[in-house]
Amino acid sequence: MFDVVNIMIAVLSAIVLLFALKSFKLHGMKSYNVFLLMFFFCLLFNTTKLSRLQGDKSLMDIYVFFVGSFFFLFPIYVIEKARLPYLKERGVLNLNILFPILLAIFLLLKIYITMKIGFRLDLLLNENPFMKLEAPTVPGFSGWAMSLQWILVMYSPLIKKKWAAILVVSVVVFSILQVSRGDIMRMCTFYFLYYIFQLVNGKGYNLTKTLKKGLPVILFILIAFIVLGNMRSNVRGKEDYVVVDNLESKISNVGFAWIYSYFVINYDVIRLFYKDIPTNQPNALLDLIKGRDSDDYHDGLNGFNASTFFSRFVRDYQELFWTEVLIFGLIVAFIILLVKMIKANCVYVFICTFLFMSPFGNYLGNRNIFISIILALLFHLFIYIPRNKVSV
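All of the points below concern the structure found in this document. Please read all numbers here as calculations on a predicted model, not as lab measurements.

Below, the discussion takes up the pattern of salt bridges. Taken as a whole and judged by the stated rule, the model has eight salt bridges. A salt bridge links Asp-3 to Lys-49; the nearest nitrogen and oxygen atoms lie 3.0 Å apart. Residue Asp-3 is located in the segment before helix H1 (4-27), and its partner Lys-49 is located in the loop between helix H2 (31-46) and helix H3 (59-81); the two are separated by 46 residues in the primary sequence. You can call Lys-49 buried: its relative accessible area is 16%. Taken together, the shared-partner salt bridges in this structure form one network comprising Asp-3, Lys-49 and Asp-56.

As structure tokens, this is what we get:
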């Protein structure tokens, strides 16, 4: 059947992508063009319909993806274009001294948590390789450990390399023990965007040279994503977890299936929310304060349940989802305003990291990540960075 709406989405996505690329070339890396580039590139990829799980598109898809993006990004765009005063921080704490102390606290927290709950890798290897395990937590400790982890990641480009290396190895090791690649991929994405941010905001910026330097990094991240995905499937150990079969991919390639299932099929998963009875409560906003007690997602399409940035908002208010999206956009815009006023570039790139990951979900709506951003802003006011010792 000829899918007219799918073609419309493809054309509109291409137009948005051209705008985002032009913005990136003229103005450098900005929060709004990072969101547009990734979200609409993946949406354009989605219109190829290379999975048999995908059905015909509807006008609701256009409404959610394009109208929702406009209301979310409009206040952010206004703040990005505004000329803001610079509030000079009065730092009294040396970051090169404070960072190792916070890193030690983080490691102690993670070791304590692991001692309390064990790790999923051990359970999967020795008990039931096919069991589905929830992310293990210790109330209070796990949340603060996660927030501290992200604060350390944010400031790691500004300190001595040895401390940054210890942090990176720690995040990787604890993630592997818990059979989770999420934090590894988010950390890699942050470092990649920080690298791009440094390139495009330096003198002699050239888009072509930036792409030549950035594409190998993207390729490395994608390969790591595929390898970690295969490792996780091998640990589980059965054909039920073969991603090609679950995706019902039209291209029989494991690497392609991993990428398509996590970057692309999400735009079809969100369609499961369109027929839900709305909660009529601002849960997406309340998550910033109280966290999410349970996972409200559907079972997904054959087990794939990531459902893009907008699913939580659609679940709350259906066609009126844009009202909550606008409020959330105002909150993010206000945070960006503060970030720009104190020139906390590492925090700015961290925010961009989760805008970049908008095809997967609304990670800025995660309470631990939101708290880590707020704490990092306060942290920035009290630190100073000895410029002669910085390794960026």
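More follows now that the structure is in view.
In a regular helix each residue adds 1.5 Å, so 17 residues correspond to 24 Å; helix H7 (residues 161-177) covers 24 Å between its end C-alpha atoms and thus fits that length. Where H7 is concerned, the buried positions are Ala-164, Leu-167, Ser-170, Val-171, Phe-174 and Ser-175. Along the axis of H7, the buried residues cluster in a sector spanning 125°; they form a single face. Facing away from the buried side of H7, by more than 90 degrees, are the exposed residues Lys-161 and Lys-162. On its buried face, H7 is in contact with helix H4 (95-117), helix H6 (141-155) and helix H8 (182-200).

Before going further, it helps to spend a moment on empty space enclosed by the protein. On inspection of all chains with the given rule, the structure shows three cavities of 30 Å³ or more. Here the largest cavity defines a volume of roughly 60 Å³. What lines the largest cavity is Leu-288, Phe-328, Val-332, Ile-335, Ile-351, Leu-364, Phe-370 and Ile-373. At the level of elements, helix H15 (321-342) and helix H17 (367-381) are the ones that each hand at least two residues to the lining of the largest cavity. In terms of residues, the lining of the largest cavity owes the most to one element, H15, which gives three residues.

For the rest of this paragraph, the subject is helix H13 (residues 283-290). Taken together, the buried positions of H13 are occupied by Asn-283, Ala-284, Leu-285, Asp-287 and Leu-288. Here the buried face of H13 lies against helix H14 (311-317), H15 and H17. In the segment just after H13, Gly-291 is the residue with positive phi, at about 75°.

Below, the discussion takes up the environment of Leu-286. Looking at where Leu-286 falls in the secondary structure, it is placed in helix H13. The spacing of Leu-286 and Arg-367 is 81 residues in sequence and 9.2 Å in space, taken between C-alpha atoms.

Below, the discussion takes up the environment of Leu-158. As for its placement among the helices and strands, Leu-158 is situated in the loop between H6 and H7. Distance from Leu-158 to Cys-346, taken between C-alpha atoms, is 8.5 Å for residues 188 residues apart in sequence.

About the thresholds
Residues numbered from 1 in each chain as written. Predicted model: local features only at pLDDT ≥ 70, side-chain atom pairs only at ≥ 80, totals over all residues. Heavy atoms only, no water. Salt bridge = Lys/Arg side-chain N within 4 Å of Asp/Glu carboxyl O. Helix = DSSP H or I, 4+ residues; strand = E, 2+ residues; numbered from the N terminus. Buried < 20%, exposed > 50% of the residue type's maximum accessible area, 1.4 Å probe, protein only. Expected span 1.5 Å × (residues − 1). Arc of directions from axis to C-beta. Contact = heavy atoms within 4.5 Å. 1 Å grid on protein atoms, 1.4 Å probe; cavity = no way out; pocket = protein on both sides within 12 Å on 5 of 7 lines; lining within 4 Å. Points joined across faces, edges and corners; volume = space filled by probe spheres on them.

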